[in-house]
Amino acid sequence: MFDERLLKLRLYLSSFIIGATLSSSTYFIPIFLMEMGASYTFIGLTGSLRGIPYSILPFFVGFLTTRYDLRTLYMLSPISLSIGLASLYFSRNYLDVIVGNILVGISMVFYWPVAESIIAEFVSEESKWKIFSGFSTSWSTAYFIGPIFGGFISQLIGVEGLFLLCTLLSITGLPIIYSMGKLQIRKINVKDKQRIDIVKSSKSIWSMYVSVFLFTFGMSCIIALAPSYFYEIGWSNVEIGLIFTLFGLARTIAYMLTNKLNIFNPALMMIFSTIFMSLSIIFLARIDFTLIIISLLIAGFVNGIFFISSFILINIKIDAGYRSTSIGLMEGVLGLGFIISPGLIGFLIDILGAGNGFLITSLIVILALPFLLLLKLR
């Protein structure tokens, strides 16, 4: 008999472990590259390479979730993450770092899209928002604990030592996921007319996918390039970890509000999130510790609101049994943004300086507004 309570607890715990591993390590990969002498352009391109799997594979993974056991797919996340981090630990040149980054990117493909599909397909409608809130709070809590943990550890034993410790941490998630039991989506017999309706409903949120792509420029600017910028202006690993801990804390608060946000128009929430994300990017180049803290607190909060709202929108617009495919498509668009934006923004920072690079990024993010307005009018 299916036990929703046990599934929930195992999902929360496993998502926390994977999230803690990712957040403890990935923010320090740009610093690792800077210590190797890499330019902003190369650091950005490396971040782009990590985004390639997340662009190509999520829609395919969404397709796989309708045919294969979601537990097995979910287990691939900590497996590929541990291999990727081990590759970073043993890396001796840029090529090794690139390989490790790609493997970390693959782990993300089997993390959020699969976990969200488990919630969308296996949780009762009355529990869905509560469990999604708990899942999001779980991984985002890990994301505000992880950076400060990674900052202290890397300060003590170096970034390479941090990668080794995170490799071991990732492996501990495997038995927890395995204990979730088989999670196979029940096949649905759909008539031709119903199939046409499903395609139409998917097309109705095309503008949301465009807005996700543009919003991603702000995210990748903060995650892939800001750590190197803070390091270059003289901040310690601990200070950088603290900054991203606050970013994660704000995002966690947003996820804790998921149940309350469900009463608001999700498109309207995405509009407000886009405006404030754009504003927060502008202040990144201000070498003022207090102002940057405020900027990242705002960015973290609206980051959470934006993606909560997109998940709500999919659950409203798409029929049960097909939500995992839509989630996979959205995550694929997110990955595409992470391919294009870090390299482009890194190049702009190299040739125009941080101030102008961040300003252009802010303008790209705000371009999401007309597409969200289209969504709101539907």
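Cut-offs and rules
Positions within a chain are numbered from 1, following the residues in the order the chain's sequence is written. For a predicted model such as this one, the threshold for reporting local features is a pLDDT of at least 70, and the threshold for listing and counting side-chain atom pairs is 80 or more; totals across whole chains, interfaces and linings nevertheless cover every residue. Excluding hydrogens and water, the side-chain figures rest on all heavy atoms present in the structure. Put simply, DSSP marks the helices as runs of H or I at least four residues long and the strands as runs of E at least two long, and each gets a number from the N terminus on. A 1.4 Å probe rolled over the protein chains alone gives each residue an accessible area, and that area as a share of the maximum for its type sets the label: buried under 20%, exposed over 50%, partly exposed in between. Computed with a 1.4 Å probe, the accessible areas rest on the Shrake-Rupley method; for each residue, only the protein chains presented here act as cover. Classification of ring pairs rests on two measures: the distance between centres of Phe, Tyr or Trp rings, Trp counted by its six-membered ring, which must be within 6.5 Å, and the angle between planes, read as stacked under 30 degrees, edge-to-face over 60 and tilted in between. What makes two residues a contact is simply this: any of their non-hydrogen atoms within 4.5 Å. Patch members must show over 30% relative accessible area and no salt bridge, and they are joined within 9 Å when carrying like charges or within 5 Å when they are nonpolar side chains of Val, Leu, Ile, Met, Phe, Trp or Tyr. We define a salt bridge as a contact between a side-chain nitrogen of Lys or Arg and a carboxyl oxygen of Asp or Glu at a distance within 4 Å. Angles shown run from 0 to 180 degrees and are taken between the N-to-C directions of axes, each axis being a line fitted to C-alpha atoms and, for helices, limited to the stretch in contact. Between 65 and 115 degrees an angle is taken as roughly perpendicular, under 35 as roughly parallel, over 145 as roughly antiparallel, and anywhere else as oblique. If you view the pair so one helix is near and one far, a crossing is left-handed when the near helix is turned anticlockwise from the far one by less than a right angle, and right-handed when it is turned clockwise. Each residue gets one of three labels, nonpolar for Ala, Val, Leu, Ile, Met, Phe, Trp, Tyr, Cys and Pro, charged for Asp, Glu, Lys and Arg, and polar for the others, Gly among them. A score between 0 and 100, pLDDT records how confident the predictor is in each residue.

Asks: Looking at this model, I keep getting lost on the overall build of the protein. Mind explaining?
Replies: The helix and strand tally for the protein stands at 17 helices and zero strands. Taken over 378 residues, the protein has a buried fraction of 60%. Carbon and sulfur atoms form 70% of the exposed surface of the protein, whose accessible area is close to 14,900 Å².

Asks: Is there a simple way to think about the packing of aromatic side chains in this case?
Replies: For any pair of aromatic rings, geometry is given as the distance between the ring centres together with the angle between the planes. Summed over all chains, the structure comprises 19 aromatic pairs. Judged by centre distance (5.4 Å) and plane angle (90 degrees), the rings of F32 and F163 are edge-to-face. Here the residue F32 occupies a position in helix α2 (residues 29–35), and F163 occupies one in helix α7 (residues 125–171), the gap between them amounting to 131 residues. For F163, a relative accessible area of 0% corresponds to the buried category. Arranged with centres 6.3 Å apart and planes meeting at 50 degrees, the rings of F230 and F244 form a pair that is tilted. On the criterion of sequence distance, the pair formed by F230 in helix α10 (residues 206–232) and F244 in helix α11 (residues 237–256) is long-range, its members being 14 residues apart. For F244, a relative accessible area of 0% corresponds to the buried category.

Asks: Could you clarify how one ought to interpret the side chain of S220 in this entry?
Replies: If you trace the backbone, S220 turns up in helix α10. Once residues lying within four places of it in the same chain are set aside, the contact partners of S220 are L225, F338, S341, P342 and I345.

Asks: Would you mind showing me how to read a nonpolar patch on the surface here?
Replies: On the surface, a nonpolar cluster with roughly 750 Å² of combined accessible area is contributed by F272, F276, L279, I282, F283, I294, I298, L359 and L363. Mapped onto the nonpolar patch, the elements with two or more residues apiece are α13 (266–282), α14 (289–317) and α16 (354–366). If you tally residues by element for the nonpolar patch, the top one is α13, at four residues. Examined against the element boundaries, I294 turns out to sit in helix α14.

Asks: I would appreciate a short explanation of the packing of helix α1 (residues 4–25) against helix α6 (residues 112–122) in the present structure.
Replies: Pairs of packed helices are described in terms of their axes, by the angle between the two and the distance that separates them. With their axes 11 Å apart at the nearest point, α1 and α6 run at an angle of 165 degrees to one another. Between α1 and α6, the crossing angle belongs to the class labelled roughly antiparallel. The two elements α1 and α6 meet at a crossing, and its hand is left-handed. Every residue of α6 that contacts α1 at E4, L7, L11 and L22 is listed here: W112, A115, I118, I119 and F122. Partitioning the contact of α1 with α6 into residue classes produces eight nonpolar, no polar and one charged.

Asks: Even after reading the chapter, I still don't get the pattern of salt bridges, so can you show me in this structure?
Replies: The final tally for this structure, using the stated rule, is two salt bridges. With a closest N to O distance of 3.5 Å, D69 and R71 form a salt bridge. Across the pair R92 and E160 runs a salt bridge, and its minimum N-O distance is 3.6 Å. Taken as a pair, R92 in the loop between α4 (70–89) and α5 (94–109) and E160 in helix α7 lie far apart in primary sequence, 68 residues in all. We classify R92 as exposed; its relative accessible area is 61%.

Asks: What am I meant to see in the confidence of the model for the protein here?
Replies: Close inspection of predicted coordinates is inappropriate in any region flagged by low pLDDT. In the predicted model, the protein carries a mean pLDDT of 83, and the fraction of residues at 70 or more is 89%. For residues 189–198, every residue scores under 50 in pLDDT, and the model assigns this stretch six contacts once sequence neighbours within four places are set aside.

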